[in-house]
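What the coordinates show
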Amino acid sequence: MPDADLLRSLGVDPSQLDPAPPWAPRAGAERLDGNHPCALCGKPATATVGVDTPGHGRRWLDRCMPCLIATTPRGGPCAPLADTLAVLRQAAHEAGVDLTIVAAES
């Protein structure tokens, strides 16, 4: 996913991110000193990456680990959505859990 699309999907305004160097192999590790907040939740960042933003240049996208995991783009399910939902429903039934699945089918 292009950086601009990632920021847009996260609802992050690139102008609010700190400028980042064009490329510095150790700069990211040095940045994770506990003084930079996660761009999503405000907790101390534990991961950072430089992203290229149109009109703003290269910026740091700082995230805490839970936000990084929750917002890392992944491929969609390998099976059709209906099959994936059927598996979820069956697992919930077997576990005795009431489950309501809300999905936008495309």
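Everything here concerns the structure above.
This text gives an overview of the structure that appears in the document.

Definitions and limits used
Residues numbered from 1 in each chain as written. Predicted model: local features only at pLDDT ≥ 70, side-chain atom pairs only at ≥ 80, totals over all residues. Heavy atoms only, no water. Helix = DSSP H or I, 4+ residues; strand = E, 2+ residues; numbered from the N terminus. Rg over C-alpha atoms; globule rule 2.2 N^0.38 Å. Buried < 20%, exposed > 50% of the residue type's maximum accessible area, 1.4 Å probe, protein only. Contact = heavy atoms within 4.5 Å. Areas by Shrake-Rupley, 256 points an atom, 1.4 Å probe, with all protein chains shown as cover. Lys, Arg positive; Asp, Glu negative; His and termini not counted. Charge placed at Lys NZ, Arg CZ, Asp CG, Glu CD. Expected span 1.5 Å × (residues − 1). Salt bridge = Lys/Arg side-chain N within 4 Å of Asp/Glu carboxyl O. Patch = residues over 30% accessible without salt bridge, like charges linked within 9 Å, V, L, I, M, F, W, Y side chains within 5 Å.

Summing up its helical and strand segments, the protein chain has 4 helices and 2 strands in all. Expected size for 106 residues packed as a compact globule is a radius of gyration near 13 Å; at 18 Å, the protein chain overshoots this value by more than 25%. Projected onto its principal axes, the C-alpha positions of the protein chain cover 50 × 30 × 20 Å. Split into buried and exposed, the 106 residues of the protein chain put 25% on the buried side. Put simply, of all contacts in the protein chain between residues at least 6 apart along the chain, 44% involve residues at least 24 apart. Looking at the protein chain as shown, the accessible area adds up to about 7,300 Å², and 57% of this sits on carbon and sulfur atoms. Within the protein chain, the 12 negative side-chain charges are centred at a point lying 5 Å from the centre of the 9 positive side-chain charges.

This part takes up helix α4 (residues 81-95). End to end, α4 covers 21 Å across 15 residues, agreeing with the expected 21 Å (1.5 Å per residue, within 8%). Just downstream of α4, G96 is the residue with a positive phi angle, here 70°.

This paragraph deals with the pattern of salt bridges. For the coordinates displayed, the defined rule picks out 4 salt bridges. Residue D18 pairs with R31 through a salt bridge whose shortest N-O separation is 2.6 Å. Of this pair, D18 sits in the loop between α1 (3-10) and α2 (27-31) while R31 sits in helix α2; the two residues are 13 residues apart in sequence, bridging distant segments of the chain. The exposure class assigned to R31 is buried, which follows from its relative accessible area of 11%. Residue R58 pairs with D52 through a salt bridge whose shortest N-O separation is 3.1 Å. Of the residues examined, R58 reaches a relative accessible area of 24% and is grouped as partly exposed. Residue D52 is classed as partly exposed on the basis of its relative accessible area, which comes to 45%.

With that out of the way, let us pick up a nonpolar patch on the surface. Taken together, the side chains of L88, V97 and L99 make up a nonpolar region of the molecular surface, amounting to roughly 260 Å² of accessible area. As for its position among the elements, L88 is in helix α4. Its relative accessible area of 43% is what places L88 among the partly exposed residues.

The residue G55 is located in the loop between β1 (47-53) and β2 (57-63) in this model. The class for G55 is exposed, based on a relative accessible area of 80%. G55 sits 40 residues away from S15 along the chain, and the two C-alpha atoms are 8.9 Å apart.

Geometric descriptors of this kind do not, in isolation, establish any biological role.
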